[in-house]
Amino acid sequence: MAPQPVVTGLSPKEGPPGTRVIIRGEFLGTRVQDLIGLKICGSDCLLSAEWKSPNKIIARTGPAKGKGDIIVTTLSGGVGTSTVQFRAYHETIGPLKESAVWIEESPSQNFAWGRRTLAQSGLTQEDPLGLSIEGNEQKIPEDLRDLFPEACGDLSQEHFSPVWFLLENHLATSFEDLKAGLSYLKRKVESQKEGQLSFLKSNAGSVIDQLDTLMNIRDKLQEDVKLHGNETLNILETSIENSISESQKIFTDVLVRKEKADSTRSVLFALSRHKFLFCLPNSVDRRAKAGEYDIVVNDYSRAKNLFGKTEIPIFRKVLEEVDHRILSIRKQLHEKVVKMPQSVEQQKKLIKALISLELQQSGTPIGDKLRNIDPAWDAIEARAKYLEWTFRQTFDQHTSKDSGAQEKAKNRDSSQAPNRVNFCEELCDIAASQLPDLWRLGQLYFTGELRGPHDPKPGDFKRMVLNAIEKFCVYLRLAILIATDQRALRQSSGLAWPIGSASATHQFLPWIPQCLRFTRIAYATLISLDLPSEALDIIQKLIDEVRLFCFSIIFKRATDRCKKLGSQETWELGVEEYPGATLLPAALEALLIETLDEVQSVCMQRETREGNLLEPQSDGQREVTQRLQEFLSAFSAVIEELAFHSHDEETPTHNVSQLLGFPNAQQPDSVAGSGGAAAVTWEQRMLCCLANYAYCNKIFFPRLGDIFVRYGYPLPTLAIETARYTVNQLFTNLLEEYVEHKGDPLVGTIEPSMYLGRFQWDHEMEIGQLRPYAHECCDNLVGVYSEIYSISPALLRPILESIVQTISEELARLMSCVQRFSFTGAIQAHVDIRLLRDSLEGYVNETAKNYFMEALEAINPPLSGEQKRKADEILERVKRNMRLQLLCFSVKDP
């Protein structure tokens, strides 16, 4: 709290009421509003106070008297104190004294003594003692009012005090001067007395003339008394009364006829004056038929104000006739109010007229017949019923058209909007035009503009609006959400849209975004009305359902297009990120981006007061996951179809033994070749499909998540992982199919080639080269390698590892079946197996290593040191001779 105000200075320190004083001090307030009190000598002076600063206040004194403190009160500091005092006194006010009020001048101030001084006195009064007041500016320090409380120093006042006068005006005058002044005052009084006698002497003629006139008046009066006596006035009065009586007798007949004429004239004037009342019954009927209800109300109100309390029978009879006519007009107006369709302005005009007429007739027996009718509420109910009737009539019209046009729908032009779309557009137009009218009429009613003496019904009106909006949404759901389960909706509403043919449904699906646009336009119109949230939530729920349905339809259409991508496969290799993959995944990505763009522009972009379809654990998020899973599953099925369907149609070329007389088929130089897609073999298609699966798993699926996040979707982890699992399964199946196709014929040629020409391992033989079966095995692997490498080098390891494992297993089986090896046979088997193992080392897994080890261990008896040296020499020489064949196996796969 701020310190208390303290007054330390005052200027001036005395004065009469109304004196302008300057108050100085400390903590006199921080602002104008902080000053809440100012008292000077106990008198409240806050109204005249003018706050200047925390150290200065200017004010005018009030009607106080005597000495007193200056107390300042502020909001921040409270009641203050004062170190100085102000002396207030009541000053005598003369004609030349400044004053805040008007002072009536007394005669003694304006006129001097005697008849001689009729003119006003001078502007300044001389000193009565004839002394000069110069040098007498010194004032007595004491307050003279304290010394002489009942006196004053003004000569014109009754309580004049000579002592006060001398102390106030001649405090410094010497005693000799005062004696001289007293002598001057005496001489002045004597001269005034002598002045009256000289006035009479100078005007003696005028005084004598006045005396002569008075004597003549007295003589005339005496003569009249002699002639007429002392009762002269009574005789005059009697004569006047006689003359009046005679004049009345003479003009009696004239006055009677004049009174009759005046009465007739008054009657005619009254009839002319009240012509409005007598013509009012026909006038209100005529105005009502012309629709001029404002004039009817004004005329009726005027008649009630003028003649409502009259006791004249004819007037009362005419008013009763007017009341009956007004009652009939009220009934007609009520029928017009509830008759639809009509504009709100027309209803408003009729309702106001009805309310005005009802108020004019209230309290009368005739007016009470329609007392319980509330025209505004009846108009609201009529408009609500008409809105529902319009909804139902529009629904019935379009459903009847749809049920009768099933056959025509097959031949309908695709550019022509289906009947459901026309229904949605018309229904939304009705809602956007009539619902605002219903709401506006209700607001006029509840704000009191259209409400008469009846109580409002807010609960009924709210239920009425909600019911209309619910019906609107039910009709739209039946028309738009054709692919959803509508059994519960049909049971609750008792309505159903005729089930159309599959072609009609297919034609309608692309138009659903248009229906959504119509619904959004109507929704935006209703939002601008400031409807309650409960009503807007009903439409918002419908819009969210339609948006989700649009999303589902668009993605289903994209899924159908995805299923047709297989027919567009050109087997052109153009993916740098993963060699061997075709342009099919790129086409899938372009289709997905196109679909997301369409979804974003049509339904996923939220507009005013629409929900977020992608909230966690919501139906929208589940729908996105499901549709994406279907989309990716369809693409996986396309690749599978391309791989296995071509396998069924085309007889694949098997790698058989050249030693048995069946050479390998010549492979084309490229996938597309010079002959395009017709030159692509089954093996190449399988490799491209495997590369596409691998590309999707390693590159496309991670990119897919980024695409969805970029469009504002949550990361579709479940859909991607599900698709990844499906792709991995299909990749494994295709890989097994390809390995089986390539590995089984290759492995099947090993044993026949090994024992070609009745070869036996226990016979001595010429060594120094590979056996033909090992040569053929390497050649076949080189062919497989070159085929894979030309398409997708990344597939070398998964394919060759499986084939090499099969070969190693077959060698282990064949070696274990040999009972005994000759000296040279052991060396030859050792060289063959080691060459295959060492040359295929990059594609030998642990299982294959074990099989190769089993094959070497199966050589019986084991090799001696000399045999091992010989085998090593032969192995090195063979590797040098076959370095070109073995070179490809040394190239690392990417």
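Everything numeric in this text was worked out from a predicted model, so none of it was measured.

Let's talk about the confidence of the model for the protein
Reasoning step 1: Taken over all residues, the pLDDT of the protein has a mean of 80, while the share at 70 or more is 85%.
Reasoning step 2: Note that pLDDT drops below 50 for residues 660-670; the model gives that stretch 18 contacts with residues more than four away or on any other chain.
Reasoning step 3: Scored below 50 in pLDDT, residues 672-678 shows 8 contacts in the model against residues more than four places distant or in partner chains.

Here we look at the packing of aromatic side chains
Reasoning step 1: Following the criterion strictly, the structure yields 20 aromatic pairs and no others.
Reasoning step 2: Ring geometry for Phe391 versus Tyr475: centroids 6.3 Å apart, planes at 65°, classification edge-to-face. Of this pair, Phe391 sits in helix H11 (residues 375-403) while Tyr475 sits in helix H13 (residues 458-480); the two residues are 84 residues apart in sequence, bridging distant segments of the chain. Comparing Phe391 with Tyr475, the two get one shared label, buried.
Reasoning step 3: Consider the rings of Phe700 and Phe701, whose centres lie 6.0 Å apart with planes at 50°: the pair is tilted. Taken as a pair, Phe700 and Phe701 share a single burial class, namely buried.
Reasoning step 4: Here the aromatic cluster, defined as three or more aromatic residues joined through ring pairs, consists of Trp377, Trp439, Tyr445, Phe446 and Phe461.
Reasoning step 5: Sitting over the ring of Phe276, Arg302 keeps its end group 4.2 Å from the ring centre.
Reasoning step 6: Directly above the aromatic system of Phe759 lies the positively charged group of Arg771, at a separation of 3.6 Å from the ring centroid.

Re the sheet that holds strand E3 (residues 20-26)
Reasoning step 1: If you walk across this open sheet you meet the 5 strands as E6-E7-E3-E1-E10, and the pairing is mixed. Two strands close off the open sheet at either side, each with one partner strand: strand E6 (50-53) and strand E10 (81-82).
Reasoning step 2: Sheet analysis places E3 next to strand E7 (residues 56-60), joined by 5 bridges and oriented antiparallel. What sits directly across from Val21, in E7, is Ala59.

As for the nonpolar core
As a rule of thumb, soluble globular proteins bury nonpolar side chains together.
Reasoning step 1: Of all hydrophobic cores here, the largest spans 203 residues; its most connected members are Phe631, Tyr713, Trp761, Ile799 and Met815.
Reasoning step 2: Setting aside anything within four residues of it in sequence, one finds Phe631 in contact with Phe555, Ala558, Thr559, Cys562, Leu588, Leu591 and Leu592.

Notes on the packing of helix H25 (residues 823-839) against helix H27 (residues 865-881)
Reasoning step 1: Interaxial distance between H25 and H27 falls to 9 Å at its minimum, and their mutual angle equals 45°. With respect to each other, H25 and H27 are oriented oblique. As for the relative orientation of H25 and H27, their crossing is right-handed in sense. The residues of H27 that touch H25, namely those facing Phe823, Ala826, Ile827, His830, Val831, Arg834, Leu835 and Asp838, are Gln867, Lys870, Ala871, Asp872, Ile874, Leu875, Val878 and Lys879.

Some details on the side chain of Ser552
Reasoning step 1: Looking at where Ser552 falls in the secondary structure, it is placed in helix H17 (residues 533-563).
Reasoning step 2: In terms of polar contacts, Ser552 uses its side chain to reach the side chain of Glu623, at 3.1 Å.
Reasoning step 3: If we ignore the near neighbours within four places in the chain, the residues touching Ser552 are Glu623 and Arg627.

Some details on the pairing of E3
Reasoning step 1: The two faces of E3 differ: Val21, Ile23 and Gly25 on one face are buried, but Arg20, Ile22, Arg24 and Glu26 on the other face are not.
Reasoning step 2: The pairing of strand E1 (residues 6-11) with E3 spans 5 bridges and is classified as antiparallel. The partner of Ser11 across the bridge, within E3, is Ile22.

What counts, and where the lines are drawn
- Residues numbered from 1 in each chain as written.
- Predicted model: local features only at pLDDT ≥ 70, side-chain atom pairs only at ≥ 80, totals over all residues.
- Heavy atoms only, no water.
- pLDDT = per-residue confidence, 0-100.
- Contact = heavy atoms within 4.5 Å.
- Phe/Tyr/Trp six-rings, centres within 6.5 Å; stacked < 30°, edge-to-face > 60°.
- Helix = DSSP H or I, 4+ residues; strand = E, 2+ residues; numbered from the N terminus.
- Buried < 20%, exposed > 50% of the residue type's maximum accessible area, 1.4 Å probe, protein only.
- Lys NZ or Arg CZ within 6 Å of the ring centre and 35° of its normal.
- Pairing = 2+ DSSP bridges.
- Core = buried A, V, L, I, M, F, W, Y, C linked by side-chain atoms within 4.5 Å.
- Axes fitted to C-alpha atoms, helices over the stretch in contact; angles between N-to-C directions.
- Parallel < 35°, antiparallel > 145°, perpendicular 65-115°, else oblique.
- Left-handed = near helix turned anticlockwise from the far one by under 90°.
- Polar contact = N/O pair within 3.5 Å; in protein donor to acceptor, adjacent residues only side chain to side chain.

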